[in-house]
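One letter stands for each residue in the lines below.
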Amino acid sequence: MLTTASALLLHLAACSAPADDSAEGKPAAEFNSGGDAEEESGLVIGDDRATFLPGEETEGTTLTLTWVEPSSLHHANYVLGDVLLSLPVAPEVVFDLHAPDPSLLVEVDPEGHPGVTAAYFVPALHIDTDGDGLPSEGESYLGVGKTWLLYVNGSPSGIEDLPNALRGWNAMEVDLETGIAEATWDLDDLLIMATLWERPNVSLEGTWSEEVPRGTGLVFRSLVEAQGGAVELPVVADQRAESPFRLPARGPPPDDHFADLKPGVPAAIEVGEAYTDVDGDGAFTANDIPLHGVCSEGTPMGLAYLPTVPSLLLAIKLVGIGNPAGWSAVSLEENPRLVSNSVITGLSVGSDCPVRTY
């Protein structure tokens, strides 16, 4: 793979996914027996039960609960730890909960509410190929719940980041794009869906902002090729330019289009471009000249193909923006990033949409 292509792909990963993907240095994922749970007026704090209701296409997956450091929810810069519990998926997945080990709990508002500690646990679905109950190399995530388990030690009343939370176990809805905790839910009806199945086909759609020049084509061009790399097939879609347009990408790109989005996460970036067909052969060749980008509000767009979702952070990102595996929209701005596939219609091509240079 080209060094320059890999560099941009790594930059894209840094901008499109939360920052920390390592559990190193995080507390060990262990529950205590519940015997040391706090008591107030005879009420035992810490023991509870959470029931998840998996949606369709989840059969054969495993549901895990992974530790998340509470303050890392700010700006969705999630810091993850170990898997705390896991169970095979069934029509109802019931976790018996006990007070977490104190080492897992972190002060959430040291200045305003000193001594109040908490931890989040994100529910996720993965294909547990080796059957050990834990995500392993080569396995893929298929879903992330938008309602996370939250344990609070102490009174969370008045803590803005924990709206309506109570002492003990809570189910907290989280906006996965922003990391903002929004509302509490009952612990007995928590939905989780397998939304990350591979999407093999997608299209960029839109219109030209001016008259379409004669002898113009529209392509998805490999980022590796755009940066001067050698690929056998430089484009995954090529058609005569017209307005309105619908530029499809069908199936996975060739293997030589892939580079690491981040270590262990392969992806292929395909750039949407209009070009002048200099040699008039009706297809994109080395002699042809890039003319315009394909833009959303003036920003050139492309697609990234992710064959699997091996990282929980990437899974959280994709579920947050509403994308599956397979094709995802990429905003090719100065700091490229994965964006919601909802933007790939209503696009524009013309002189107001520059060609992205690399």
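As a starting point, this report considers the structure included with it.

Before going further, it helps to spend a moment on the overall build of the chain. A tally of regular secondary structure across the chain gives three helices and 26 strands. Pairs at least 24 apart in sequence give 70% of the contacts found in the chain among residues at least 6 apart.

On to the packing of aromatic side chains, then. Taken as a whole and judged by the stated rule, the model has eight aromatic pairs. Both rings, one in Phe121 and one in Trp169, keep their centres 5.7 Å apart while their planes meet at 45°; by these two values the pair is tilted. Pair noted here: Phe121 is in strand β8 (residues 117-126) and Trp169 is in strand β11 (residues 168-175), with a separation of 48 residues, a long-range link. Accessibility assignment for this pair places Phe121 and Trp169 in one class, buried. One aromatic cluster is present, formed by Tyr78, Tyr120 and Trp148 through successive ring pairs.

Turning next to the nonpolar core. Generally speaking, soluble globular proteins have nonpolar side chains that are buried together. Core analysis: the largest hydrophobic core is formed by 45 residues, its most contacted members being Tyr78, Tyr120, Val144, Trp148 and Leu312. Mapped by element, the contributors of at least two residues to this core are β8, β9 (141-144), β10 (147-153), β11, β20 (265-276), β23 (299-306), α3 (312-321) and β24 (325-331). For this core, the leading source of residues is α3, giving eight residues. In this structure, Ala50, Phe95, Tyr151 and Ala171 belong to the second largest nonpolar core, which totals 25 residues.

One open sheet accounts for three strands, arranged β6-β3-β13; its pairing is mixed. Strand pairing shows two members of the sheet lacking a second neighbour, β6 (93-97) and β13 (190-192), which therefore form its edges. Looking at each pair of strands side by side, their axes are set apart by 30° on average, direction ignored. Pairing geometry for strand β3 (residues 48-54) and β6, over five bridges, is antiparallel. Following the sheet pairing, Ala50 is matched in β6 by Phe95.

What counts, and where the lines are drawn
Residues numbered from 1 in each chain as written. Predicted model: local features only at pLDDT ≥ 70, side-chain atom pairs only at ≥ 80, totals over all residues. Heavy atoms only, no water. Helix = DSSP H or I, 4+ residues; strand = E, 2+ residues; numbered from the N terminus. Contact = heavy atoms within 4.5 Å. Phe/Tyr/Trp six-rings, centres within 6.5 Å; stacked < 30°, edge-to-face > 60°. Buried < 20%, exposed > 50% of the residue type's maximum accessible area, 1.4 Å probe, protein only. Core = buried A, V, L, I, M, F, W, Y, C linked by side-chain atoms within 4.5 Å. Pairing = 2+ DSSP bridges. Axes fitted to C-alpha atoms, helices over the stretch in contact; angles between N-to-C directions.

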